[in-house]
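# A structural walkthrough
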Amino acid sequence: MTGFAHRRPSSRDARSSIRGGLAFALLALLLLGANASPALADADPASDVLLAQSAFFPYQPPVPPKLEAAMNSALGAAARVWLPLKVAIIGSREDLGAVPEFFGHPQPYANFLDREISFNHPQPLLVVMAAGYGLAAVGPGSALAGVPVDASHGSYGLTRSAILAVLALARAAGHPIATPAIPSSSASSHASFPVALLFGIPAAVLILAGIAIMRGGKPHDPHAPPPVHPPPA
Amino acid sequence: MSCRASSPVVSAAHVEVFAQDRVVAVPAGIGVAPPLRRDGAYVRGGSCVYPLHTLEPTGLVLLGPGSTRTLGEFFELWGQPLGPRVLAGFPAPRGGHVAVYIDGVAWRADPGAAPLSPHAQVTVEVGPRVPPHANYVFPSLALAQ
């Protein structure tokens, strides 16, 4: 372990990194120390991420950047005219870390998460899962009666539902905010995949088959030895 | 362990830190050399990356290929002290010591020697005991980077 620092790019960079990391850790400690319950804290990714930004998005599949921007735009508008709402979008157990038992239970998770991220005052919070919504320090829940969760389009559907839920809550509170531009699911970052699927892969198969036929060999030999990979560095 | 322009991620561990009955956040950007490219709570990259680093402030530690890394190496990259009687600047109380749990089981040796094995749930604490989590559901994304 000794002599580790000299392997860093430079001692100046290292000191800067240490100061930054230490400052962040101490700040977080002070913030968390105000009201957190240690036995519960730090269990789930959202509780850490929501300290530094207003929305937590699912790990998989990734939310398209334009849709993330729309979510952040809605939350920014809400903060300006209404209140600083935070949103946790939970797509799977992966998004809950050490507390996967909350998956499918948005309201209990909202109660749990709110205790983690509230400090001197209750933190308004919206949780979105395929199973429904959870609210803490914001309401009324009846405002979301007309906003069903889109559970059939993965992270995209959940995030779009979250945006619409924020709009509905703000409207019900008497602080309507403008609807941000919400990209369609087909305009997401996955748009290039069907093109590759429809044209690229069949074309590659045809080319490979043609080469195999020209060489008189078989397209695939199931008895051939597996490829050998170099050992990891 | 060297800092490289890119580092393949083959697995991940999760590290939680508690001191004096409070949470110590594990920041994004440990093991990433500045200037950091930040994006909200996340770090998207830097000038180079060690095969033991964090990109998000959740305690998720991304592991590169090669031999098993240790908790001591991680804290050294973080720039925080770790020993039998000190944790991130917090001294152990009289008669106490830094405790490490791996998957909920106490690690009896030197805290710095605790392995960061793939999918290990590691809890480090000093002061009043915080019940450690035994499991963590890891995101598949971390393994695909």
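The sections below set out a description of the structure shown in this document. (Residues numbered from 1 in each chain as written. Chains lettered and ligands numbered in written order. Predicted model: local features only at pLDDT ≥ 70, side-chain atom pairs only at ≥ 80, totals over all residues. Heavy atoms only, no water.)

## Some details on the overall build of chain A
- Scanning chain A for helices and strands turns up six helices and four strands.
- Scanning chain A from its N terminus toward the C terminus, one meets helices and strands in the order α-α-β-α-β-α-β-β-α-α.
- Across the 233 residues of chain A, 42% fall into the buried class.
- Across chain A, every contact between residues at least 6 apart in sequence was considered, and the portion connecting residues at least 24 apart equals 62%.
- Summed over its atoms, the accessible surface of chain A is roughly 12,300 Å², and 64% of this surface lies on carbon and sulfur atoms. (Helix = DSSP H or I, 4+ residues; strand = E, 2+ residues; numbered from the N terminus. Buried < 20%, exposed > 50% of the residue type's maximum accessible area, 1.4 Å probe, protein only. Contact = heavy atoms within 4.5 Å. Areas by Shrake-Rupley, 256 points an atom, 1.4 Å probe, with all protein chains shown as cover.)

## Details of the sheet that holds strand β12 (residues 90-91) of chain B
All names here are of chain B.
- With respect to topology, three strands assemble into an open sheet ordered β10-β11-β12, the strand pairing being antiparallel. Two strands close off the open sheet at either side, each with one partner strand: β10 (82-83) and β12.
- One ladder, built from two bridges, connects strand β11 (residues 86-87) with β12; its direction is antiparallel. Pairing of valine 86 across the sheet is with proline 91, part of β12. (Pairing = 2+ DSSP bridges.)

## Some thoughts on the pairing of strand β8 (residues 60-63) of chain B
Residues and elements named next belong to chain B.
- Of the two faces of β8, the one holding Leu60 and Leu62 and the one holding Val61 and Leu63 are both buried throughout.
- Both strand β1 (residues 11-19) and β8 contribute to a ladder of four bridges, which runs antiparallel. The residue bridging serine 11 from the neighbouring strand is leucine 63, located in β8.
- Note: strand β7 (residues 52-53) against β8, two bridges, orientation antiparallel. By the bridge assignment for β8, histidine 53 is matched with leucine 62.
- What sits between the antiparallel neighbours β7 and β8 is a turn of six residues, in which glycine 59 has the positive phi angle 90 degrees.

## So, the pairing of strand β4 (residues 132-136) of chain A
Residue and element names in this part refer to chain A.
- Counting buried residues in β4 gives five out of five residues, a clear majority hidden from the surface.
- Strand direction decides the pairing type here: strand β3 (residues 125-129) and β4, joined by five bridges, are antiparallel. Counted as the bridge partner of leucine 125 is alanine 136 from β4.
- Taken together, β3 and the strand that follows it, β4, pair antiparallel across an intervening segment of two residues.

## Here we look at unusual backbone geometry
- Looking along the chain, the bond that leaves glycine 139 of chain A and enters proline 140 of chain A is cis, with omega of 0 degrees.
- Examined against the element boundaries, proline 140 of chain A turns out to sit in the loop between β4 and α5 (154-172).
- Along the chain, proline 34 of chain B connects to proline 35 of chain B via a cis peptide bond; the corresponding omega equals 5 degrees.
- Positive phi values are uncommon outside glycine, yet aspartate 103 of chain B reaches one of about 55 degrees.
- As for its position among the elements, aspartate 103 of chain B is in the loop between β13 (99-102) and β14 (105-107).
- Under the relative-accessibility criterion, aspartate 103 of chain B is labelled partly exposed at 37%.
- One non-glycine residue with positive phi stands out, namely histidine 119 of chain B, at about 65 degrees.
- Note on placement: histidine 119 of chain B falls in the loop between β15 (115-116) and β16 (121-126).
- On the basis of relative accessibility, which here comes to 40%, the residue histidine 119 of chain B falls in the partly exposed class.

## A closer look at the nonpolar core
- Counting residues in each nonpolar core, the largest one holds 35 residues, and the members touching the most others are Met71, Leu85, Val87, Leu126 and Val166 of chain A.
- The residues touching leucine 126 of chain A, leaving out its near neighbours within four places in the chain, are Leu85, Lys86, Val87, Ala88, Tyr133, Gly134, Leu135, Leu144, Ala162, Ala165 and Val166 of chain A.
- Counting 34 residues, the second largest nonpolar core, distinct from the first, contains Tyr59 and Leu96 of chain A together with Val43 and Leu62 of chain B. (Core = buried A, V, L, I, M, F, W, Y, C linked by side-chain atoms within 4.5 Å.)

## A few points about the sheet that holds strand β1 (residues 55-56) of chain A
Residue and element names in this part refer to chain A.
- Sheet architecture is open: four strands sit in the order β1-β2-β3-β4, paired in mixed fashion. With one partner strand each, in any of the chains shown, β1 and β4 form the two edges of the open sheet.
- For strand β2 (residues 86-89) and β3, the ladder comprises four bridges, and the chain directions are parallel. Looking at β3, one finds that lysine 86 is bridged to leucine 125.
- Its contacts with the sheet place helix α4 (residues 106-117) against β2, β3 and β4, and it is angled at close to 35 degrees to β4. (Axes fitted to C-alpha atoms, helices over the stretch in contact; angles between N-to-C directions.)

## Thoughts on α4 of chain A
- In this model α4 of chain A runs 16 Å from its N-terminal to its C-terminal C-alpha over twelve residues, within 8% of the 16 Å that 1.5 Å per residue would give.
- Those residues of α4 of chain A that fall on the buried side of the exposure criterion are Pro106, Tyr109, Ala110, Phe112, Leu113, Asp114, Glu116 and Ile117 of chain A. (Expected span 1.5 Å × (residues − 1).)

Such coordinate-based values are descriptive only and should not be taken to indicate function.
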